[in-house]
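A structural walkthrough
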Amino acid sequence: MTQISLTFPDGNKRDYAKGVTAAEVAQSIAPSLAKAAISACVDGRHWDLQWPIEADSQIAIYTMKDDAQALELIRHDFAHVMARAVQKLWPEVKVTIGPVVENGWYYDFDREEPFTPEDLGAIEKEMRAIIAERDPVKTEVWDRSRAIAHYVAKNEPFKVELIEAIPGDEPLRMYWHGHWQDLCRGPHLQHTGQLPADAFKLMSVAGAYWRGDHTKKQLQRIYGVGFKNRDDLKAHLTMLEEAAKRDHRKLGREMELFHMQEEAPGMVFWHPNGWTVYSALQDYMRRRLDRAGYKEIKTPQVVDRVLWERSGHWEAYRENMFIVEVDEEGAKEKRINALKPMNCPCHVQVYNQGLKSYRDLPLRLAEFGSCHRYESSGSMHGLMRVRGFVQDDAHIFCTEDQIEAECAGFIDLLSSVYADLGFTKFDIKLSTRPEVRVGSDEIWDKAEAALESAVRKVRNDYVIDPGEGAFYGPKLDFKLTDAIGREWQCGTFQADFNLPVRLGAEYVGEDGAKHRPVMLHRAILGSFERFLGILIENYAGKLPFWLAPRQVVVASIVSDADDYVHEVVAALRDAGLRAEADTRNEKINYKVREHSVGKVPVILAVGMKEVAERTVSIRRLGETRTETAGLAEAVAALAGDATPPDGLARK
Ligand SMILES: [Zn+2]
Ligand SMILES: [Zn+2]
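Residues numbered from 1 in each chain as written. Chains lettered and ligands numbered in written order. Predicted model: local features only at pLDDT ≥ 70, side-chain atom pairs only at ≥ 80, totals over all residues. Heavy atoms only, no water.

**Brief notes about the overall build of the chain**
Which entries qualify depends on this criterion: Secondary structure elements follow DSSP: runs of H or I no shorter than four residues count as helices, runs of E no shorter than two count as strands, and numbering proceeds from the N terminus. In this scheme, a residue with accessible area under 20% of its type's maximum is buried, one over 50% is exposed, and one in between is partly exposed, where area comes from a 1.4 Å probe on protein chains only. All accessible areas in this document rest on Shrake-Rupley with a 1.4 Å probe, and a residue is counted as covered only by the protein chains that are shown. His is not counted, nor are the chain ends; Lys and Arg add positive charge and Asp and Glu add negative charge. Every charge is mapped onto a representative atom, which is NZ of Lys, CZ of Arg, CG of Asp or CD of Glu.
Regarding its fold elements, the chain presents 20 helices and 35 strands. Each principal axis of the C-alpha distribution contributes one length, and for the chain these read about 95 × 75 × 60 Å. Looking at the chain as a whole, 51% of its 651 residues are labelled buried. By element, 50% of the accessible surface of the chain is carried by carbon and sulfur atoms, the whole surface being about 31,000 Å². Of the side chains in the chain, 85 bear a positive and 100 a negative charge, and the two mean positions are spaced by 2 Å.

The structure is reproduced here in structure tokens:
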């Protein structure tokens, strides 16, 4: 019998019979490991314990301690167990596919009757029964004709269609969870008993077209979430509850920030309160960019397709662009324009005006750039995913030698902005050269090293994603963590060796010859719309005082105090505060409740006692106690609190 040599993570090598399974390898190390094993890693590939190993390899055995692999297997096995439970309860239901997704899985079923919430409860119960049976997972490789005949006989037309779509030479793997069988690439756990029976929940049912094609049959998709243990599941469900309470669409209504409507899908109608927050954030960003040496510009919304053809967007990005056709005077044909989906080509047009020398570099051109991109209606979500948005965009034109310093300066600015806005934790990912790319290896070496060295100056815990850079250059992605632990990718920094060539950007070097500048695309917030959605949810609507749309409401307790209310409002406005009067003939408790729902941070209640003493009674959002202060003193203190975090006075 032929022997193969397996190398373990500690460097030890052992010989095994060719075709040994990973389960047998685990058993040869220790019976306890064989029992705890969930899968293996063979030459970097996630490997089922039952698969044979045919050649010399590196091997590691995974257990539930290996988080990423454990969660992937748990969720994948849950998908199979759920499908088995559904067919046990309703044998006529046809099965299709069931992949792992973030935090869980889904499975699409063909069933005439809709699944009800009661049905989900029954499926969960059946799943627990299957887990309790500790049914072994089995796998076999079948040839195609056998697999097709099998599914034709079982009347599973979707599976037949799936198999027919798989290229001819690929082996078909079958898996069994107990007697229940599914077509699947694997890997899977050893038996259903390895699933945590108390760490999953079926969440919802939604319609989904077969193969995502709306001309095909509509199926029912059941979503589930699954974790390693009950505590992790509970933490996830608590986070979801908290997220629902903070939903920016709900808070947007309660705080009268914005609305959206059918006639402009994915576009935002900002109301006075929302636009106030938007403008305060934009003013803040403008000051930060100005201090960091950026020059602000503004470029057109509607640009002829000729420029998009030159930039390459017409070919690569056409289906996401809004097209504007115009009958020009005297022209035989319509002129075809596009609403800009990004600002970069227009910024090169500004750069290209007039001869540039090395002394002009780095040139940092910033624009609060209004962009439009066609997103499918299903992918849109409140402010988080829209069709019309404004980027805090900028492009830095520089020499290859300047990339590192520009990158370091950018990371400094980004960290400071995030901290000012309440986000102290963020992750950095560096994506390096993909196989298909433009630019020489020398310039890629230089740019990747520049980005990495800039990152290292601020931290040593960053992730490298090899091969995931854009075809035109390496990039950094910045993902921040919000108050309830959710991650949002906001900032980006991308080197580009391509667009300056395509659009003919040049500078005259010290040597008197013409050179190509490098173009750095960068954004800190990403888009104002989405970032405001994140801010609203992060703060559950209780925005920092300097960003609050209405900072102070002065409410009368009795109508005889109305004149004084207006005097107080005027004093607050003179001090630069956003203040409003509420002299409606309502009880003060009613007014306080209403403004609390609207998340007004400070309410000044004014009655005859305050009029007589020229004081105000201060009530802060979320607090029940009030404090009394003299008018001038209160105004000065509130004006101090309203100073933006960059320390500069408001306009
Ligand atoms: Zn599977
Ligand atoms: Zn750009």
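**Some thoughts on the packing of helix α13 (residues 403–420) against helix α14 (residues 441–458)**
Definition in use: Each axis is a line fitted through C-alpha atoms, and for a helix only the stretch in contact is used; angles between axes span 0 to 180 degrees, taken between their N-to-C directions. Handedness of a crossing follows from how the near helix is turned relative to the far one, being left-handed for an anticlockwise turn of less than a right angle and right-handed for a clockwise one. In this analysis, two residues are considered to be in contact whenever any of their non-hydrogen atoms come within 4.5 Å of each other. Gly counts as polar in this scheme, as do all residues outside two lists: the nonpolar Ala, Val, Leu, Ile, Met, Phe, Trp, Tyr, Cys and Pro, and the charged Asp, Glu, Lys and Arg.
Packing of α13 against α14 brings their axes to within 8 Å, and their N-to-C directions diverge by 35°. Viewed along their axes, α13 and α14 form a crossing whose handedness is right-handed. Contact with α13, carried on its side by Ile 403, Glu 404, Cys 407, Ala 408, Ile 411 and Asp 412, involves Ala 447, Ala 450, Leu 451, Ser 453, Ala 454, Val 455, Lys 457 and Val 458 of α14 and no other residues of that element. Residue classes in the contact of α13 with α14 are distributed as 10 nonpolar, 1 polar and 3 charged.

**Description of the UniProt feature "binding site: Zn(2+)" (unreviewed entry) in the chain**
The line we're drawing: UniProt positions are given in the numbering used here, feature names are shortened, and annotations may be inferred rather than shown by experiment.
Under the UniProt annotation, the feature "binding site: Zn(2+)" (unreviewed entry) is placed at Cys 344, His 395 and His 521. The greatest C-alpha distance among the residues just named is 7.7 Å, despite their covering 178 residues of sequence, which places them together in space. Structurally, the position occupied by Cys 344 is in helix α12 (residues 344–351). Assessed through its relative accessible area of 8%, Cys 344 is described here as buried.

**Regarding the sheet that holds strand β12 (residues 172–177)**
For clarity, the threshold we go by: A pair of strands is treated as paired once DSSP finds two or more bridges between them.
On the basis of which strands lie adjacent, the open sheet formed by 3 strands has the order β11-β12-β13 and antiparallel pairing. Each edge of the open sheet is held by one strand with a lone partner, namely β11 (137–142) and β13 (180–183). Sheet twist, expressed as the mean angle between neighbouring strand axes with direction ignored, is 25°.

**So, the coordination of the zinc ion (ligand 2)**
Operational definition: Atoms are scored as donors when they are N, O or S and lie within 2.8 Å of the metal, with 3.2 Å used for Na, K and Ca; no water is included, so coordination may look incomplete.
Every protein donor of the zinc ion (ligand 2) is listed here as Cys 344 (SG), His 395 (NE2) and His 521 (ND1), and their distances to the metal cover 2.0 to 2.3 Å. Sequence positions of the residues that donate to the zinc ion (ligand 2) give the spacing C-x50-H-x125-H. Of this pair, His 395 sits in strand β23 (residues 388–398) while His 521 sits in strand β30 (residues 518–527); the two residues are 126 residues apart in sequence, bridging distant segments of the chain. For the residue pair His 395 and His 521, the accessibility class agrees, reading buried in each case.

**Section: the coordination of the zinc ion (ligand 1)**
Note on the zinc ion (ligand 1): its protein donors are His 76 (NE2), His 80 (NE2) and Cys 184 (SG). The metal-donor distances range over 1.9 to 2.1 Å. Taken in chain order, the donor set of the zinc ion (ligand 1) reads H-x3-H-x103-C. Of the two residues, His 80 is situated in helix α3 (residues 67–89) and Cys 184 in the loop between β13 and β14 (200–209); the sequence distance between them amounts to 104 residues. The exposure class assigned to Cys 184 is buried, which follows from its relative accessible area of 11%.

**Describing the nonpolar core**
Note that soluble globular proteins tend to have their nonpolar side chains buried in a common cluster. As a reminder, the rule being used: Note on terminology: a nonpolar core comprises buried Ala, Val, Leu, Ile, Met, Phe, Trp, Tyr and Cys residues joined through side-chain atoms within 4.5 Å.
Core analysis: the largest hydrophobic core is formed by 68 residues, its most contacted members being Leu 281, Tyr 418, Leu 421, Leu 476, Phe 478 and Phe 531. Setting aside residues up to four positions removed in sequence, Phe 531 forms contacts with Leu 281, Tyr 418, Leu 421, Phe 423, Leu 480, Cys 490 and Leu 525. Residues Ala 70, Val 95, Phe 200 and Leu 202 belong to the second largest nonpolar core, which totals 32 residues.

**Quick look at the sheet that holds strand β4 (residues 39–42)**
What the 5 strands build is an open sheet, ordered β2-β1-β7-β4-β5; its pairing is mixed. Strands at the two margins of the open sheet, each flanked by one partner only, are β2 (13–17) and β5 (45–47). Taking the axes of each pair of neighbouring strands and ignoring which way they run, one obtains an average angle of 40° across the sheet. Sheet topology note: the β4/strand β7 (residues 57–62) ladder contains 4 bridges and is antiparallel. Within the sheet, the bridge partner assigned to Ala 40 lies in β7 and is Ile 61. The sheet contacts of helix α1 (residues 22–29) involve β1 (3–7), β2, β4, β5 and β7, and relative to β2 the element is tilted by about 125°.

**Overview of the packing of aromatic side chains**
What counts here: Aromatic pairing here means that ring centres of Phe, Tyr or Trp (its six-membered ring) are within 6.5 Å. Orientation follows from the plane angle: under 30 degrees is stacked, over 60 is edge-to-face, and everything else is tilted. Charge-over-ring placement is defined geometrically: NZ (Lys) or CZ (Arg) within 6 Å of the ring centre, and within 35 degrees of the ring normal.
Enumeration according to the criterion identifies 25 aromatic pairs in this entry. Residues Phe 78 and Phe 200 carry aromatic rings whose centres are separated by 4.8 Å and whose planes lie at 40° to one another, so their mutual orientation is tilted. Placement of the pair is Phe 78 in helix α3 and Phe 200 in strand β14, with a sequence separation of 122 residues. The residues Phe 78 and Phe 200 share a single accessibility class, namely buried. A centroid spacing of 5.6 Å and a plane angle of 75° characterise the contact between Trp 90 and Phe 115, whose relative ring orientation is edge-to-face. One end of the pair, Trp 90, is in the loop between α3 and β8 (94–95); the other, Phe 115, is in the loop between β10 (104–110) and α4 (117–133), and 25 residues separate them in sequence. For Phe 115, a relative accessible area of 7% gives the class buried. One aromatic cluster in this structure is built from Phe 410, Tyr 418, Phe 423, Phe 426, Phe 478, Phe 493 and Phe 531. Directly above the ring of Tyr 106 sits Arg 221, whose terminal nitrogen or CZ lies 3.7 Å from the centroid. Over the ring of Tyr 351 we find Lys 356, and its NZ or CZ is 5.3 Å from the ring centre.

**Notes on the pattern of salt bridges**
Formally: Here, a salt bridge means any Lys or Arg side-chain nitrogen found within 4 Å of an Asp or Glu carboxyl oxygen.
Taken as a whole, this structure holds 49 salt bridges when the rule is applied. Close ionic contact of Arg 286 with Asp 283 constitutes a salt bridge, the shortest N to O distance being 3.9 Å. Of this pair, Arg 286 and Asp 283 are both found in helix α9 (residues 272–291), 3 residues apart, which corresponds to roughly one turn of the helix. The salt bridge partner of Arg 288 is Asp 420, with a shortest N-O separation of 3.1 Å. Within this pair, whereas Arg 288 is found in helix α9, its partner Asp 420 is found in helix α13, the two being separated by 132 residues in sequence. For Arg 288, a relative accessible area of 12% puts it in the buried group. Asp 420 gets classed as partly exposed once you look at its relative accessible area, which sits at 21%.

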